[in-house]
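Fold and contact review
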Amino acid sequence: MFVSKNRGVITILGFITIFTIFICATAYSESGAFKGSIYNPGKLKPIDSSLKVKIGDKAPGFTLPAIDGKNISLNQFRGKKNVVLSFVPAAWTPICSDQWPGYNIAKEIFDEYDAVLLGITTDNIPTLFAWTNAMGGVWFPVLSDFWPHGEVADSYGVLRSDGISDRAIFIIDKNGIISFIDVNDINVRPRLEVIVDELKKLKD
Amino acid sequence: MIRLRRISFIVLLLFLCSTSLLLGAEETLKVGDIFPDIEFKMPGKSEDKQYLGIGGWGGFKIADIKADVVIIELFSMYCPHCQTEAPLTRELYKIIEKDKKLEGRFKIIGIGINNSDYEVDFFRKKYEIPFPLISDQENVISESMGKVFTPHYIAVRMVDNKKPQVIFSEMGRLEDPKAFLDKIFKLSEEK
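Residues numbered from 1 in each chain as written. Chains lettered and ligands numbered in written order. Predicted model: local features only at pLDDT ≥ 70, side-chain atom pairs only at ≥ 80, totals over all residues. Heavy atoms only, no water.

**Structural notes on the packing of aromatic side chains**
Selection criterion: Stacked, tilted and edge-to-face pairs are distinguished by plane angle, under 30 degrees for stacked and over 60 for edge-to-face with tilted covering the rest, among Phe, Tyr and Trp rings (Trp via its six-membered ring) whose centres lie within 6.5 Å. Comment: elements are numbered from the N terminus, with helices defined as DSSP H or I runs of at least four residues and strands as E runs of at least two. We call a residue buried when its accessible area falls under 20% of the maximum for its residue type, exposed when it is over 50%, and partly exposed in between, using a 1.4 Å probe and counting protein chains only. Put simply, a charge is over a ring when the Lys NZ or the Arg CZ is close to the ring centre, within 6 Å, and near the line of the ring normal, within 35 degrees.
For the structure shown, the criterion picks out 17 aromatic pairs over all chains. Between Phe106 of chain B and Phe185 of chain B, the aromatic rings sit 6.2 Å apart at their centres with planes inclined by 35°, giving tilted as the arrangement. With Phe106 of chain B in strand 2 (residues 106-113) and Phe185 of chain B in helix 7 (residues 177-189), this residue pair connects regions lying 79 residues apart in the sequence. Of the residues examined, Phe106 of chain B reaches a relative accessible area of 0% and is grouped as buried. Put simply, the rings of Trp100, Tyr103, Phe110, Trp131, Trp139 and Phe140 of chain A touch in pairs and so form one group of aromatic residues. The cationic tip of Lys107 of chain A hangs over the ring face of Trp139 of chain A; the distance from NZ or CZ to the ring centre is 5.7 Å.

Below, the structure is given as structure tokens:
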């Protein structure tokens, strides 16, 4: 009798969980370009990491492989370019697939403010290659922080407990100093003007 | 007793399943429906207001647009297909403006789903979009229509005292602007 009751309760709890996942899985819009290929993780804890750097700090250096087979180091831009780091959680997920394609048509904004954009996830190279190809290719370097897993994300303090990164933007000036940090709710795409406004300040 | 409990559990489970399916379903606008009575922010540019035939204080609704047929493009600056087909939407506008039987009667408006004013404006400048684009930053469209896959085209015709009745609503790309317009024109003439 007790066993059967407990089992029933567990089953009901299970169903309630599924039910909750169903109604929470609502991104407002999604590009039709990826329809059928996007894995929906449902609504996630907005931020699941804690920053290890702050504005005014020297940005932690790194060298990561890009999808074109080259390695990119942060220090190669020192004295030459402002750097915008865009960490996104994972390839083939709802909001991320609707974030970089926007930056992809905004190259002139980055050029205007003498900035480079580096896209980073903790996915491996083949996954990032296939995903960005589905976007039609992107002009900016896409870097894989897969191995040692999430090391760069962790050095900035944006690595989540499940191994993906938070949705974060870091802007680093030509002297290698962090001038802007935005760790966004993982379920929400940051506005383009957030980056533009900050780049404007660096120019002034 | 145990059996009774089991049955009631099963009934409860079935109920939970069915509600979750209903709530999880994507509600989209159907042909024949009246377009939701949503208020949008008034466009900032005077030529946009002039084109749409709207004015005054506050916002505007699709029903306020001075037209027999309104083609609504739901897009996003972040959507690759919307970017690729921006030139086709320009073409669509051009064909309408050159066609004596459509000009003034058919209007186009683009709504940037979950886009900010800045993002919509960036898209407009980048692709030199000649018709009004407005932002739906508060996601009012998705709240009344369900999740939107962009691009999505809706056409409404004004019936019974300016009610916008949906005559077309489909997700997907605009492949041939001329063929698309012919289709919308035919649908708008149907009794």
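There's plenty left to go through after this.
**Here we look at the sheet that holds strand 6 (residues 163-171) of chain B**
All names here are of chain B. Quick reminder of the rule: Strand pairing requires that DSSP identify at least two bridges connecting the strands. All axes here are fitted lines through C-alpha atoms, helices being fitted over the stretch that makes contact, and every angle between N-to-C directions spans 0 to 180 degrees. Contacts are residue-level and defined by heavy atoms, with any inter-residue pair within 4.5 Å sufficient.
The 5 strands are arranged 3-2-1-5-6 in an open sheet whose pairing can be described as mixed. Each end of this open sheet is capped by a strand with a single partner; those strands are strand 3 (133-136) and strand 6. Averaged over all pairs of adjacent strands, the angle between strand axes in this sheet comes to 25°, irrespective of strand direction. Strand direction decides the pairing type here: strand 1 (residues 69-75) and strand 2, joined by 7 bridges, are parallel. Bridging across to strand 2, Glu73 finds its partner in Gly110. Sheet strands in contact with helix 5 (residues 117-127) are strand 1, strand 2 and strand 3, and its direction is about 150° off that of strand 3. Helix 7 contacts strand 1, strand 2, strand 5 (152-159) and strand 6 of the sheet and is inclined by roughly 145° relative to strand 6.

**Some words on the nonpolar core**
Applied cut-off: Residues belong to a common nonpolar core when they are buried Ala, Val, Leu, Ile, Met, Phe, Trp, Tyr or Cys residues joined through side-chain atoms within 4.5 Å.
Counting 83 residues, the largest nonpolar core has Ile71, Ile72, Phe123 and Ile141 of chain B as its most contacted members. The element best represented in this core is strand 1 of chain B, accounting for 6 residues. With near-sequence residues (within four places) excluded, Phe123 of chain B lies in contact with Ile105 of chain A together with Phe75, Ser76, Met77, Cys82, Gln83, Ala86, Ile129 and Leu133 of chain B. Within the second largest apolar cluster, 25 residues are counted, among which are Ala66, Ile72, Val152 and Ile181 of chain A.

**A look at the state of the cysteines**
Residue and element names in this part refer to chain B. Put simply, the rule is: Pairs of cysteine sulfur atoms within 2.5 Å are identified as disulfides in what follows.
Taken as a whole and assessed by the stated rule, the structure comprises 1 disulfide over all chains. Linked covalently through their sulfurs, Cys79 and Cys82 form a disulfide whose S-S length is 2.3 Å. Between Cys79 and Cys82, the S-S dihedral sits near 85°, and the bridge is therefore right-handed. Across the pair, Cys82 and Cys79 agree in class, each one buried.

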